[in-house]
Structure formats: structure tokens, C-alpha cells
Amino acid sequence: MSDPRYPIGKFSYAGPPTAEQKQECLANIEQAPARLRAALRGLSDAQLDTPYRDGGWTLRQVAHHVPDSHMNSYIRCKLALTEDEPTIKPYMENLWAELPESKSAPIEVSLALLDSLHERWMLVLRQLTNADWKRTFRHPDLGLMSLEKI
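Below, the structure is looked at part by part. (Residues numbered from 1 in each chain as written. Predicted model: local features only at pLDDT ≥ 70, side-chain atom pairs only at ≥ 80, totals over all residues. Heavy atoms only, no water.)

## As for the environment of Asp 132
Part 1 of the argument: Along the chain, Asp 132 falls in helix α7 (residues 130-133).
Part 2 of the argument: Since its relative accessible area comes to 22%, Asp 132 is described here as partly exposed.
Part 3 of the argument: Spatially, the C-alpha atoms of Asp 132 and Ser 116 are 23 Å apart, while their sequence positions differ by 16 residues. (Helix = DSSP H or I, 4+ residues; strand = E, 2+ residues; numbered from the N terminus. Buried < 20%, exposed > 50% of the residue type's maximum accessible area, 1.4 Å probe, protein only.)

Here it is in C-alpha cells:
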């Protein structure tokens, strides 16, 4: 691993996923809340307030970042499904992670949010047609992005 910020490597898009790959991605999205909850279960406040790598966020910040990130993805998905190539607003995740609630709030608040968000998001994702997966939004820095790609 050359960059500890990306323990499994940076995202690379190899083209549209197969039906099997898409189902695997959907299963991963569906299971993410339970996996995060399991990874954090039983940790003390001292452990939650420890960075997971040198120069990195604390586990608490990561626990709050995941629903922040997934809420943005959920909204982007719904915008793409209801508007023609909407331009989305990026957010400064590094600054969000420095806000007081990201550094001090109980993680259960974000874990519960993530549970509900994913339940709702999966209701959308499991209903998408092949044409829906082709819908797009415009990211100001990354350009046109399809639901299939994200």
C-alpha cells in the first residue's frame, strides 16, 4: 500500500458493470451500515477519538463522515433520476469532518441515520431500470457522471 489514505487503492472505473457486479455493489451498499456498526461496536470514547492512521481522521469522524457522504450520494442519485443532467454541489468533506459535531457527537446518532438512509436508498436502487442507471449528473470538477459509474 503506497498511500495509507487509500488502503484498497483509488477508485478506477473499468466501464459499465455486469449485472452480477451491479448486484454485488448493491449488496455492499445495503450491508454498509451493519458493517460499520460492527466495526465500531464496543469501542471506548478514547478509541473513537483516535486517528485510524497518521494524519487521518479519528474513528468518530469517520463514523460521522460515512452518512454525510452517503447522504450526498443519495441526493445526487435522486437529482439524476428527476432532472436532466443536473449540476450537483460538491461538499468539502475535510471541513465537514472538522465541525464540532463530527468531532464530538455520539456515533449512534450517525449510525442510526445511516441505517435509515440506506433502507431508503435501497428502495430506490433496487427499482432502477437499465435506462435509469444511464441517467447522469454533472460534477463541477469531474464532469458528467452516470448512476452506473457512481
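## Re the pairing of strand β2 (residues 143-146)
Part 1 of the argument: Relative to β2, strand β1 (residues 136-139) is paired through four bridges, and the arrangement is antiparallel. Opposite Phe 137, over in β2, you have Met 145 as the bridge partner.
Part 2 of the argument: Here β1 hands over to β2 after three residues, the two strands then running antiparallel side by side. (Pairing = 2+ DSSP bridges.)

## Here we look at the pattern of salt bridges
Part 1 of the argument: Throughout the structure, instances matching the rule amount to nine salt bridges.
Part 2 of the argument: The salt bridge partner of Arg 37 is Glu 108, with a shortest N-O separation of 2.8 Å. Of the two residues, Arg 37 is situated in helix α1 (residues 19-40) and Glu 108 in helix α6 (residues 107-125); the sequence distance between them amounts to 71 residues.
Part 3 of the argument: Residue classification places Glu 108 among the partly exposed positions, given a relative accessible area of 41%. (Salt bridge = Lys/Arg side-chain N within 4 Å of Asp/Glu carboxyl O.)

## Observations regarding the packing of aromatic side chains
Geometrically, a pair of aromatic rings is defined through the distance of the ring centres and the angle of the planes.
Part 1 of the argument: A full pass over the atoms with the stated rule returns one aromatic pair.
Part 2 of the argument: Judged by centre distance (4.5 Å) and plane angle (55°), the ring pair of Tyr 91 and Trp 96 falls under tilted.
Part 3 of the argument: With a relative accessible area of 15%, Tyr 91 lands in the buried category.
Part 4 of the argument: When its relative accessible area of 33% is taken as the criterion, Trp 96 is described as partly exposed. (Phe/Tyr/Trp six-rings, centres within 6.5 Å; stacked < 30°, edge-to-face > 60°.)

## Some words on the state of the cysteines
Part 1 of the argument: Under the definition given, this model contains zero disulfides.
Part 2 of the argument: The thiol of Cys 25 is unpaired, and the distance to the nearest cysteine sulfur, on Cys 77, comes to 13 Å.
Part 3 of the argument: With a relative accessible area of 44%, Cys 25 lands in the partly exposed category.
Part 4 of the argument: We classify Cys 77 as buried; its relative accessible area is 3%. (Disulfide = S-S within 2.5 Å.)

## A closer look at the packing of helix α3 (residues 59-82) against α6
Part 1 of the argument: Closest axis-to-axis distance for the α3/α6 pair is 9 Å, and the angle between their directions is 25°. When the interaxial angle is binned, α3 and α6 end up roughly parallel. Judged by the twist between their axes, the crossing of α3 over α6 is left-handed. Taking contact as the criterion, the partners of Arg 60, Ala 63, His 64, Val 66, Pro 67, His 70, Met 71, Ser 73, Tyr 74, Cys 77, Lys 78 and Leu 81 in α3 are, on α6, Ile 107, Ser 110, Leu 113, Leu 114, Leu 117, His 118, Arg 120, Trp 121, Val 124 and Leu 125. (Axes fitted to C-alpha atoms, helices over the stretch in contact; angles between N-to-C directions. Parallel < 35°, antiparallel > 145°, perpendicular 65-115°, else oblique. Left-handed = near helix turned anticlockwise from the far one by under 90°. Contact = heavy atoms within 4.5 Å.)

## Considerations on α1
Part 1 of the argument: The end-to-end C-alpha separation of α1 is 32 Å, in line with the 32 Å expected for 22 residues at 1.5 Å each.
Part 2 of the argument: The largest bend in α1 amounts to roughly 45° and is located at Gln 31, with the proline Pro 33 lying one to four residues further along.
Part 3 of the argument: What α1 keeps buried is the set Lys 22, Leu 26, Ala 32, Pro 33, Leu 36 and Leu 40.
Part 4 of the argument: Just downstream of α1, Gly 42 is the residue with a positive phi angle, here 80°. (Expected span 1.5 Å × (residues − 1). Bend = angle between axes of the 7 residues up to and from the residue.)

## What about the nonpolar core?
Part 1 of the argument: Ranked by internal contacts, the top residues of the largest apolar core, which has 15 residues, are Cys 77, Leu 125, Leu 128, Trp 133 and Leu 147.
Part 2 of the argument: For this core, the secondary-structure elements that each account for two or more residues are α3 and α6.
Part 3 of the argument: In terms of residues, this core owes the most to one element, α6, which gives five residues.
Part 4 of the argument: Contact partners of Leu 128, with chain neighbours within four places excluded, come to Leu 81, Trp 133 and Leu 147. (Core = buried A, V, L, I, M, F, W, Y, C linked by side-chain atoms within 4.5 Å.)

Functional significance is not addressed by these values, which are geometric in nature.
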